[in-house]
Every structure is written in structure tokens, then in C-alpha cells.
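Residues per chain, in single letters:
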Amino acid sequence: MTVTWTSGYDISEAAPFVEWGLKGDLQMHSPAGTLTFFQNDMCGSPARTVGWRDPGFIHTSFLKNLWPNTVYTYRIGHLLHNGSYVWSKIYSFRASPYPGQDSLQRVVIFGDMGKAERDGSNEYSNYQPGSLNTTDQLIRDLSNIDIVFHIGDITYANGYISQWDQFTAQVEPIASTVPYMIGSGNHERDWPNSGSFYDTTDSGGECGVPAETMFYVPAENRAKFWYSTDYGMFHFCIADTEHDWREGSEQYRFIEQCLASVDRRKQPWLIFAAHRVLGYSSDYWYGQEGSFEEPMGRESLQRLWQKYKVDIAFFGHVHNYERTCPIYQNQCVNTEKYHYTGTVNGTIHVVVGGGGSHLSDFSEVTPNWSLYRDYDWGFVKLTAFNHSSLLFEYKKSCDGKVYDSFTISRDYRDVLACVHGSCEATTLAS
């Protein structure tokens, strides 16, 4: 487990650490590393000009050798040079299950949330009107959530660095209690000639630096924001759509390795997630292009999703909710809509970009693969009951009620079955 926080103390002023342990037992101390970033690390305006504000110091501590599913308490500390301590309040978290462990496991996924002032002030154009509703619904149901994935467009700070503090304060009740994993989106990364795949100015000159520094993810290189992570019976492959994902690229090789490495006997639920829609969306603008996807989105990846039998692929960027049938090469491979059993014939694609930002219109045309569309703010919750039973729920942020759902029931042998696009190549000799 990692604990990350921001303070005004450089290591020359105080030593940062986390005090943690079982409640009532002897508490351990784990040291924290300290990072920061500077104005000249930004790539352009406003992040490098009127939007700049010193971010302070970002500390990250690693709590290791945890007992699975065990509740720990912790507090953040700074040891000052005069021997006195500065303490935070006491928090708690439950350690993750052992990979492959058969227990109740609940995952929340959404994108494009942002932040807002509760009194309505200081929000230009009211750009993220649903963010507080989503945040508050998650806080209300926090006892029934084990891990959260926010797949890109995190704060919409867009170069105004102080708004990262506003966002982290808003989500602190969630992120201090359960793992809060993020993906990289265009509003974190994109800036011309900065190494991003797109030459837009969507990051406001941040070019990924605040996101990479303030959030720890288990990536080999946080400037390349792709990574894999496990949670009990789930295996997640998180892609970075702001870097090249096409066949032959470094990220493509990572994605295939991530998908190929999962042991489906232990972790039957294989999830792919990325910010931009590399799969399917009937968003208005995608419909105008006639592709119903990010340009070049799924051309290289659909073979991998099919070969390794990805259960669900999640995307943000488009600010609404949409669920497809199990699909491969634009064709539904299963006529069922709400209860899936047996062989994994294709991947279900879900747009869940309605975390809080202004909503996106759908195309006037509804493709035959689109099973459910909703023009509203919301998030998805996955509940794995065991190795053979998964519940998918789409909940609206306004009331927390379920508006779309389906179940998957299957045996491990169903994942091994050979289906179109996943069979090993054969010859007459074989």
C-alpha cells in the first residue's frame, strides 16, 4: 500500500514518515520519499505563467508486508529538527486481498470527474457540474467499495496548479481509505512537442508533470503512464492513450505482455482500461467521423482483446455512459444482454466518462452493438462474488441507484475455449 500526501516541509526541514499498524498494537514507522516540481518543468502557459503556484512537497511512503484483508490504522508524521513531531489525524484502510483470493471484491471505475466548489464559486464556465455528486455518492457507499479507478481527466486543472490541491482535498475521504488509482488523460498530458501522441494544448502546459508527481502508480516509468495491477480476482491493464498504442510501439508490447501474463484460474476477471475510446462509442463527434472510435483506436488492439479474452474494456473521454454487446470486429458475438454464461466470445466495451465534466451528446444513429446509452453523470461498480460470478452495475451520481446491469457466470474452462480470433494458428502438419 502507498500513502501519498503534500506538505510544506522539505527534507531539509523535517523527515516525513507514516506511523501505522494494527489498532492497539505496536505501531511501525515507514519513511517517505519526497518529490516536487518547478515552474520551468511546465511546458507552456498558463502552467508556466499565470497558472503557476508552488506545489509544496509530495511525500510517498510504502507500507509493506501487510496481512491480506486486514484493517490497519495510520497517520502521517513529520519529525522536525528540534525533535518535535507534526501529526495528521488517524486514518484507516483494509489491505488488499491476496492475488487470486476468493472473497467479495468491489471495484469502482469512472473517468473525467474534475472538481467543484461547494458554494458554486470560482468555477469558470461550471465545467464539471457533476463532480461533487459523484464524489459524494462514493463517500456515502465507501464501506462497500474496495478500490477506485479514475481513468483520466483527473482535475481539469488545465495549467492552474492550485486546482490539484482543490481536487485532492475533495477526494481525500475516498483516497485515504481505499486505493485511488488513476490513468492519464488529455487534460493531464497533451501539449505540442512534449512527447505526447496528440499535439493539442489540453493540459494547459502541464504536460503530465503534476499527475506523474502527485500520484504514484506501479509503472516502470511514470512519464509513460501505463501499468498493470492486481486486486484479488481482478487483473487490470491500464493503458495511456496519450502515448502511441499502435502495433509495434513500446506500449503495444506492454499491453500484450500484461494481458498474456494473467493466470485466469486465479484471476478470472481481466479488465482493460484507458482514457480515450480505443473501443466503441456512439458519441456525436465519433459518429461524424463515421468510425465510432478514437481514430486508429481499436485497429491494433482488438486482436489482443480477443486473443486474451478480455472481459470488459473501459474508456472515458466521452462524457456519458454507453455499454456494448460482447463485440469483435464491429459484430456482436452474443445475443444476450443481461446474463452472460459460458464461453467468452468477445469483449464488452463500456464508456464511463460521466464522472462530472460537462456531458457529451450521442450520435443520432444508434449502432446495433450499443445496448444501453445514458446522457447523465455516473460510474460503474464491479462486484466479484467468487471466481465464477461477476455483477456489473452502472449507477447515476444523482441518486446512487442502478440504471443498467448485467451478470457473468462461467467456469474456468469457459475461458480456455477456442473462439474466433483467439485460437492458436495451426497447419496441416499440426
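Preceding this section is the structure that the text describes.
Overview of the structure. (Residues numbered from 1 in each chain as written. Predicted model: local features only at pLDDT ≥ 70, side-chain atom pairs only at ≥ 80, totals over all residues. Heavy atoms only, no water.)

Scanning the model with the defined rule gives five cavities of 30 Å³ or more in all. Of the volumes computed, that of the largest cavity is approximately 160 Å³. The wall of the largest cavity is formed by 14 residues, among which Tyr 340, Thr 343, Val 344, Asn 345 and Gly 346 lie closest to the centre. Where the lining of the largest cavity is concerned, the elements lending two or more residues are strand E17 (339-341) and strand E22 (402-409). The residue makeup of the lining of the largest cavity, split by class, is five nonpolar, seven polar and two charged. The space that makes up the second largest cavity amounts to roughly 50 Å³. Surrounding the second largest cavity, Tyr 280, Gln 302, Trp 305, Gln 306, Ile 327, Tyr 328, Gln 329, Thr 347 and His 349 form its lining. When contributions to the lining of the second largest cavity are tallied by element, the ones reaching two or more residues are helix H7 (302-307), strand E15 (321-328) and strand E18 (347-352). The element that contributes the greatest number of residues to the lining of the second largest cavity is H7, accounting for three residues. (1 Å grid on protein atoms, 1.4 Å probe; cavity = no way out; pocket = protein on both sides within 12 Å on 5 of 7 lines; lining within 4 Å. Points joined across faces, edges and corners; volume = space filled by probe spheres on them. Helix = DSSP H or I, 4+ residues; strand = E, 2+ residues; numbered from the N terminus. Nonpolar A, V, L, I, M, F, W, Y, C, P; charged D, E, K, R; others polar.)

That bond from Ser 45 to Pro 46 is cis: its omega, 10°, falls within 30 degrees of zero. Take Pro 46: it is sitting in the loop between strand E3 (28-35) and strand E4 (57-62). One non-glycine residue, Asp 153, lies in the positive phi region at around 50°. Within the fold, Asp 153 resides in the loop between strand E9 (147-151) and helix H2 (162-175). In this structure Asp 153 comes out as buried when scored by relative accessible area, which is 1%. In the Ramachandran plot, Met 296 falls in the positive-phi region, its phi being about 65° despite a non-glycine side chain. Summarising the element assignment, Met 296 is placed in the loop between helix H6 (284-289) and H7. (Buried < 20%, exposed > 50% of the residue type's maximum accessible area, 1.4 Å probe, protein only.)

Now for the packing of aromatic side chains. Counted under the stated rule, the structure contains 28 aromatic pairs. On the numbers, 6.3 Å between centres and 10° between planes, the contact of Phe 314 with Phe 392 is stacked. In this pair, Phe 314 is assigned in strand E14 (residues 312-315) and Phe 392 in strand E21 (residues 389-396), connecting sequence segments 78 residues apart. A relative accessible area of 0% means that Phe 314 is categorised as buried. Using a relative accessible area of 0% as the deciding quantity, one classes Phe 392 as buried. Following the ring pairs from residue to residue traces out a cluster consisting of Trp 20, Tyr 72, Tyr 74, Tyr 91 and Phe 93. The positively charged end of Arg 75 is found above the aromatic ring belonging to Trp 87, 3.6 Å away from the centroid. The ring centre of Tyr 198 lies 3.6 Å from the NZ or CZ of Arg 276, which sits over that ring. (Phe/Tyr/Trp six-rings, centres within 6.5 Å; stacked < 30°, edge-to-face > 60°. Lys NZ or Arg CZ within 6 Å of the ring centre and 35° of its normal.)

With seven of its 10 residues buried, helix H1 (residues 131-140) lies for the most part within the structure. Along H1, the residues that are buried comprise Ser 131, Leu 132, Thr 134, Thr 135, Asp 136, Gln 137 and Leu 138. Those residues of H1 that are buried lie in contact with strand E8 (105-110), H2, strand E20 (378-386) and E21. (Contact = heavy atoms within 4.5 Å.)

Moving on: H2. For H2, built from 14 residues, the straight-helix expectation of 20 Å at 1.5 Å per residue is met to within 8% by its first-to-last C-alpha distance of 19 Å. All buried positions along H2 are accounted for by Gln 163, Trp 164, Gln 166, Phe 167, Gln 170, Val 171 and Ile 174. Looking at the buried positions of H2, the neighbouring elements they touch are H1, E9, strand E10 (180-183), helix H3 (186-189) and helix H4 (209-214). (Expected span 1.5 Å × (residues − 1).)

On the basis of which strands lie adjacent, the open sheet formed by seven strands has the order E10-E9-E8-E20-E21-E22-E17 and mixed pairing. Single-partner strands in this sheet number two, and they are E10 and E17. For this sheet, the mean angle separating the axes of adjacent strands, direction not counted, is 15°. Here E21 pairs with E22 via seven bridges, running antiparallel. Looking at the pairing, Leu 390 lines up with Ile 408 of E22. Strands in contact with H1 are E8, E20 and E21; relative to E20, the strand with the most contacts, it is inclined by about 25°. Relative to the sheet, H2 contacts E9 and E10, its axis offset from that of E10 by approximately 130°. (Pairing = 2+ DSSP bridges. Axes fitted to C-alpha atoms, helices over the stretch in contact; angles between N-to-C directions.)

The values reported here are purely geometric and, on their own, carry no functional implication.
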